[in-house]
Each structure stands twice: as structure tokens, then as C-alpha cells.
Amino acid sequence: MAIKFGRPIELRDGPRDAATAAPSLDLTTRMRRNRKSEWARRLVRENVLTTDDLIWPLFVVDGNNLRAPIASMPGVDRLSVDQCVRDAERAMKLDIPCIALFPYTEPSLRDETGSEALNANNLVCQSVRAIKKEFPDLGVLCDVALDPFTSHGHDGLLQDGRILNDETVAILVRQALVQAEAGCDIIAPSDMMDGRVGAIRNGLDNAGFGDVQIMAYAAKYASAFYGPFRDAIGSAKTLTGDKRTYQMDSANSDEALREVELDIAEGADMVMVKPGMPYLDIVRRVKDTFAMPTFAYQVSGEYAMIAGAANNGWIDGERAMMESLVAFKRAGADGVLTYFAPAAAEKLKAGR
Ligand SMILES: NCC(=O)CCC(=O)O
Ligand SMILES: [Mg+2]
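Keep in mind that this is a model prediction, so the values were computed, not measured.

S.K.: I would appreciate a short explanation of the side chain of Gln 179 in the present structure.
M.R.: Counting through the fold element by element, Gln 179 comes out in helix α5 (residues 166-182). Among all residues touching Gln 179, those that are not within four sequence positions of it are Val 124, Cys 125, Cys 142, Asp 143, Val 144, Cys 184 and Ile 187.

S.K.: Help me understand the packing of aromatic side chains in this model?
M.R.: Between two aromatic rings, the relevant description is the distance of the centres plus the angle of the planes. Counted under the stated rule, the structure contains 10 aromatic pairs. Residues Tyr 221 and Tyr 279 carry aromatic rings whose centres are separated by 4.2 Å and whose planes lie at 25° to one another, so their mutual orientation is stacked. Taken together, the residues Tyr 221 in the loop between β9 (213-220) and α7 (227-232) and Tyr 279 in the loop between β10 (270-274) and α9 (280-290) connect sequence positions 58 residues apart. With respect to class, Tyr 221 is no different from Tyr 279; both count as buried. One aromatic cluster is present, formed by Phe 59, Phe 102, Tyr 217, Phe 229, Tyr 297, Tyr 303, Tyr 339 and Phe 340 through successive ring pairs. When the ring centre of Tyr 297 is taken as origin, the NZ or CZ atom of Lys 274, which lies over that ring, is 4.9 Å away.

S.K.: Please explain a nonpolar patch on the surface as it appears in this structure.
M.R.: On the surface, Trp 39, Leu 43 and Val 44 cluster together into a nonpolar patch covering about 350 Å² of accessible area. Assignment of secondary structure puts Leu 43 in helix α2 (residues 38-44). Residue Leu 43 is classed as exposed on the basis of its relative accessible area of 67%.

S.K.: I keep staring at the UniProt feature "binding site: Mg(2+)" (unreviewed entry) in the chain and nothing clicks. Help me out?
M.R.: Within this structure's numbering, the places UniProt gives as "binding site: Mg(2+)" (unreviewed entry) are Glu 259. Mapped onto the elements of the fold, Glu 259 is located in helix α8 (residues 254-265). The residues touching Glu 259, leaving out its near neighbours within four places in the chain, are Met 192, Ala 218 and Met 248.

S.K.: Just checking my understanding: could you explain helix α12 (residues 341-349) for this structure?
M.R.: In an α-helix, one turn spans 3.6 residues, which is why side chains three or four residues apart end up on the same side. Residues of α12 that are buried: Ala 341, Pro 342, Ala 344, Ala 345, Lys 347 and Leu 348. Contact partners of the buried residues in α12: β1 (54-60), α3 (81-93), α11 (317-330) and β12 (335-338). Within two residues after α12, Gly 351 carries a phi angle of roughly 70°, on the positive side.

S.K.: Honestly, the UniProt feature "active site" (unreviewed entry) in the chain in this entry has me stumped. Any pointers?
M.R.: According to UniProt, the feature "active site" (unreviewed entry) maps to Lys 220 and Lys 274 in the numbering used here. Spanning 55 residues, the annotated positions come together in the fold, the maximum distance between their C-alpha atoms being 4.8 Å. Lining the largest cavity, from the set of annotated residues above, are Lys 220 and Lys 274. Its place among the elements puts Lys 220 in strand β9. Here Lys 220 falls in the buried class, since its relative accessible area comes to 4%.

Calculation notes
- Residues numbered from 1 in each chain as written.
- Chains lettered and ligands numbered in written order.
- Predicted model: local features only at pLDDT ≥ 70, side-chain atom pairs only at ≥ 80, totals over all residues.
- Heavy atoms only, no water.
- Helix = DSSP H or I, 4+ residues; strand = E, 2+ residues; numbered from the N terminus.
- Contact = heavy atoms within 4.5 Å.
- Phe/Tyr/Trp six-rings, centres within 6.5 Å; stacked < 30°, edge-to-face > 60°.
- Buried < 20%, exposed > 50% of the residue type's maximum accessible area, 1.4 Å probe, protein only.
- Lys NZ or Arg CZ within 6 Å of the ring centre and 35° of its normal.
- Patch = residues over 30% accessible without salt bridge, like charges linked within 9 Å, V, L, I, M, F, W, Y side chains within 5 Å.
- Areas by Shrake-Rupley, 256 points an atom, 1.4 Å probe, with all protein chains shown as cover.
- Salt bridge = Lys/Arg side-chain N within 4 Å of Asp/Glu carboxyl O.
- UniProt positions renumbered as here; feature names shortened; annotations may be inferred.
- 1 Å grid on protein atoms, 1.4 Å probe; cavity = no way out; pocket = protein on both sides within 12 Å on 5 of 7 lines; lining within 4 Å.

Here it is in C-alpha cells:
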């Protein structure tokens, strides 16, 4: 069933009173005819959102039977591994095809080189194994980048105020392998180092992980909308400086196409634009130019804006959520990584 909002005020067929029976404007085309009722709107609807379009990001934290709220992301919790498995079950029941995992790493485990990223028993790897054991048919995506693990909060190795590219890529390949060994289905490099997609593809293939897909965060912008995510993974306080020497300048559009082209050439199976709503123009250009499976990340700040305004009674949260999600489809995205995934899937499954 189609999504229906608010109190319907429909035009009706049949006899009308004199005022509406004789239109005073001599119009051949009246666009409103196709909008006159819900069935008519459904008939001409150009884009639909389904549960197949959703990837649900989850935050994992050390502990047991723990769901710890994240203040800047109302409705989103950090989950201990066992609770992560419960949300994986919820994803299965809601027909969400894939989840994404992000760790909150204890400060004592963070260091200059992000070495915990290579621990085969880190929180992400534990979660992947636990989820895959119970739900082998649920897609699991793992982020590749060092920011949840470094004491300075950067995605790569930091030396004399610079983020080292090639040295970082070597570590990212090892991180990807550790995650693939744990059972991850999609490796998603989010670091924005040059050449990492090709290096990771090589590493996976040489280790016998030829079927593991790569979803490249191909056009990832240096954005203020990541704020709540950094709270969630605990890097907000540790981050020194900003990420503008590796993430893209928000003023650029052609550059996104070059980034995407390179990642495809290096073997990306799917590409992503991030953030989402402020960059729908980029999603459209990428889809039109490359016809690749194209995803958008509706990031934490976008979620917080909608959830926060809704909690204050300033907007209708459900409608804003659904409107924002179908906008990604309209822009050409094949799917969306969104913290709204379970709420949207519940609404879609209920046919509302
Ligand atoms: N690599 C994943 C992210 O950076 C997510 C950002 C967000 O949700 O704000
Ligand atoms: Mg790149």
C-alpha cells in the first residue's frame, strides 16, 4: 500500500456544485487531475522506497545486555554484542537486507596507529561472527578506516601533522582482511586515502576473499554533519584538527566524479556519496554518469536534525523521515545507509 500522510483532502468525481462545475480558466492541462486521490497518486508515482533500499548502521560497545543511548542521536543506542545480534534479528524480520557496524572503542584501546583495528577479536569482528552465526543470510557491511581506533581520531596515520597516505593504505588492507576473515560481506572503505580500493581488492583476492564486495565511500565530504557520529564512536573529543586534507571540499562536484571513476577502476562494486541530503546533486551526477549501484549515507547530523526537530514538536518526524528517504531514490540512489532504517521499515511493512 502507498504511504499516506495526514488527513486526506481529496477531489471527488461526480456531481459538483455550480461553482466547481464551470471552471473559469480555459486550461487544456490541469496537473492536479493526477493528484486528485490516493489511488491516482499511486498510479503515477515515479519513485518508491522499499525495505530493500535500506542499510541500517549499528554502534557496538563493550559489555553485556547493554543498550546505551546516544544523546545527540535520539532513538539510537550503542549496543553490546549480544544486543547487536538482537537488532540483526530485527533487521531480518523487517526485511532490511544489510546492516553496517561501527565500534565504540574504549579509550584505553586507542593508540597512535589504531592497532585495535587489526585485532581479530575487536568489537566489530566479535559482532560479525555472532551475527553471522545466527543470521547467515543477513548482509553485514564493515567500515574500513582507523578513526574509531586512533587516539587522535583521524582515519589514517598521523605524522608531524600530516595524514600519511600509502602507509595508511597498507594498514587498511590488513583491517579489511581481519573483517573478511570474521565473515563480513561488504568492505566499505571510508578513509578517503588514494588507492585504497585497489589495494584492498588485491588483498582480498590474494587471500581467497574474491566474493567479498567493496562499497567505496567514493565521494565523502569533510562535513559538519558527522558530529553526532563522532559522539557515538567517542572520537568527538579526541579528534585533533579536521579532515580536510583527505575528505572532499563541500564546494566541489566535478571532483566527486573523478573520485568515483577512480574507485570503479580500482574495483569498487558499489559507490557511495556521503553525506546524503545536502549532496543529492552529487548522487544524481554519479548515477547518471556511471550507472553503478549508487548509495547515499544519510549521516548522523541529518538524522539528528529530523529526530531533534520531531522531538520538539516542530515537524512531523515520520513524514519528514519518509520524505527524506524517498528523496534519495528520486536523486538516483539504489539504497540509503540510514539510522531511520528500522523505523522506516516498520512503517513500510505496516503499509502506512
Ligand atoms: N564512516 C562512517 C561515518 O563516518 C558516519 C558518519 C555519520 O553518520 O555522521
Ligand atoms: Mg578516492
